[in-house]
Amino acid sequence: LMPVITQSADADAITTGIVALYSRLEVVTEAQLARVYDAGVVFRDPIHQLTGIPALCAYLNKSSRGLSSCRFEFLDISSGADSSWMRWNMHYSHPRLKRGAMLLLEGTSLLQYREKIVFQQDYYDMGAMLYEHLPVLGSAITALKRRMAR
């Protein structure tokens, strides 16, 4: 699937760079990140808030360590003069989650930029990413969701 893109010409290079960087998440370098991120970038997700390319690089590399595979599928991108929203699916597998099966996480990212990205906030469900796939905790969460749906 190709993402649906609605954006200004200024945003094109930034979103294209992000899509290229995250399409197949492997070990990244600070130089790769510096192509799209400002040196003082602030990055937030449900787990952390980080500042600067070195911290972001370390976080991304630590997060991808142990994964058998990880790739992002970008579904929609909508941009204005200084920000973009990107809706994505992360396809990943980890040997300790669901016996290494391929898993899916839906998420959205807000990017704010000048010449490069100065702020990124990722939104996703931590339970769907991790907790629901752990043997004992996953069963309890599934049972609780069923009860709440009644």
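What counts, and where the lines are drawn
- Residues numbered from 1 in each chain as written.
- Predicted model: local features only at pLDDT ≥ 70, side-chain atom pairs only at ≥ 80, totals over all residues.
- Heavy atoms only, no water.
- Buried < 20%, exposed > 50% of the residue type's maximum accessible area, 1.4 Å probe, protein only.
- Helix = DSSP H or I, 4+ residues; strand = E, 2+ residues; numbered from the N terminus.
- Pairing = 2+ DSSP bridges.
- Expected span 1.5 Å × (residues − 1).

Peer 1: Just checking my understanding: could you explain the pairing of strand β7 (residues 117-124) for this structure?
Peer 2: Here is the key point about a regular strand: its side chains alternate between the two faces of the sheet. Of all the 8 residues making up β7, 7 are buried; the element is thus mostly covered by neighbouring parts of the structure. Where strand β2 (residues 37-44) lies against β7, 4 bridges are found, and the strand directions are parallel. Pairing of R44 across the sheet is with Q121, part of β7. Relative to β7, strand β6 (residues 103-113) runs antiparallel, the two sharing 7 bridges. Of the residues in β7, the one forming a bridge with G107 is Y124.

Peer 1: Teacher, can you tell me more about helix α3 (residues 53-64) here?
Peer 2: Spacing of three or four residues puts side chains on the same side of an α-helix, whose turn is 3.6 residues. With 12 residues, α3 should cover 16 Å at 1.5 Å per step; its first-to-last C-alpha distance of 16 Å lies within 8% of that length. Within the sequence span of α3, burial applies to I53, L56, C57, Y59, L60, N61 and S64. Count one or two residues on from α3 and you reach G66, which has phi positive near 95°.

Peer 1: Even after reading the chapter, I still don't get unusual backbone geometry, so can you show me in this structure?
Peer 2: The bulk of non-glycine residues show a negative phi, and the bulk of peptide bonds are trans. Its identity is not glycine, yet R99 carries a phi of approximately 55°, on the positive side. By relative accessible area, R99 is classed as exposed at 83%.

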